[in-house]
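Secondary and tertiary structure notes
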Amino acid sequence: MNTAYVLLSSGNEVLPMGEAIMDAGIVILIVFAVLCLVFCLISISGKIFASLDKNKKPAKATAPEAKPAVAEPVSEEEFSSGTLKLKGCDEKTAAMIMAIVSDNTGIPLSELVFKSITLVEKN
C-alpha cells in the first residue's frame, strides 16, 4: 500500500495525509469560530453604544438663543438649508462664491451651509 505522509515542523514525527487534512480542517474551523465570535461582540457593543447615544439628552444652553424660523415644506426639486444674508453683494456673485468654495474644498454644494456673504471693499 502506498500511503502519503506529511512531516511535522519538528521533523521528528510523520502524519498520514488524511490526519493532516483533518487537523488543518479543525484549525480552519477554530479560526472561523473566533472570527464569528469577534463579529458578534462588535455588533453587540455597537448596539449598546447606539442605544446610549439615543438616551443621552442634549445639554441646555444657558444663553437665550434665537428660535429658528419654521421652514415651509418644499418640493424635492427645491432644496434649501436655511437662509443666507447678503450684505453688499448680489445673488449672482453670491452663487459664484458658493460654487468656488465648493469646488476648492471638494465638498458638494448641497452639504455646505452658508450663513452670510459680505462684500469687503478695498481701501
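These notes cover the structure that comes with them. Note that the coordinates shown come from a computational prediction; the quantities given were computed from them, not determined experimentally. Each residue is numbered by its place in its chain's sequence as written, counting from 1. In view of the model being predicted, local features appear only for residues whose pLDDT reaches at least 70, and side-chain atom pairs are presented and counted only at 80 or more, with totals across whole chains, interfaces and linings using the full set of residues. With hydrogens and water excluded, all non-hydrogen atoms of the structure serve as input to the side-chain values.

1. Concerning the overall build of the chain
Which entries qualify depends on this criterion: Numbering of helices and strands starts at the N terminus; helices are DSSP runs of H or I of at least 4 residues and strands are runs of E of at least 2. Per-residue accessibility, obtained with a 1.4 Å probe over protein chains only, is compared with the maximum for each type, and a residue is labelled buried under 20%, exposed over 50%, and partly exposed between these values.
Counting its regular elements, the chain contains two helices and four strands. Starting at the N terminus and walking to the C terminus, you meet the elements of the chain as β-β-α-β-α-β. Counting over 123 residues, the chain shows a buried share of 7%.

2. Examining the side chain of Ser 102
The following threshold applies: Think of a polar contact as two N or O atoms within 3.5 Å of one another; within protein, one of them needs to be a possible hydrogen donor and the other a possible acceptor, and neighboring residues in sequence only count if both atoms come from side chains. We call two residues in contact when some of their heavy atoms are within 4.5 Å.
By the secondary structure assignment, Ser 102 is in helix α2 (residues 91-105). In this structure the side chain of Ser 102 is engaged in a polar contact, spanning 2.6 Å, whose partner is the backbone oxygen of Ile 107. Ignoring anything within four residues of it in the chain, the contact list for Ser 102 reads Ile 107, Pro 108, Leu 109 and Leu 112.

3. Details of α2
The following threshold applies: To estimate how far a helix should extend, the number of its residues minus one is multiplied by 1.5 Å. Note: the arc covers the axis-to-C-beta directions of the helix.
Between its first and last C-alpha atoms α2 spans 21 Å; for 15 residues at 1.5 Å apiece the expected length is 21 Å, and the two agree. The complete set of buried residues in α2 reads Ala 94, Met 98 and Ser 102. For α2, the arc enclosing every buried residue in end-on projection is 70°, short of the 170-degree limit, so these residues lie on one face. Opposite the buried face of α2, by more than 90 degrees, sit the exposed residues Lys 92, Met 96, Asp 103 and Asn 104. One or two steps after α2, the chain reaches Gly 106, where phi turns positive at roughly 80°.

Keep in mind these values describe shape, not function.
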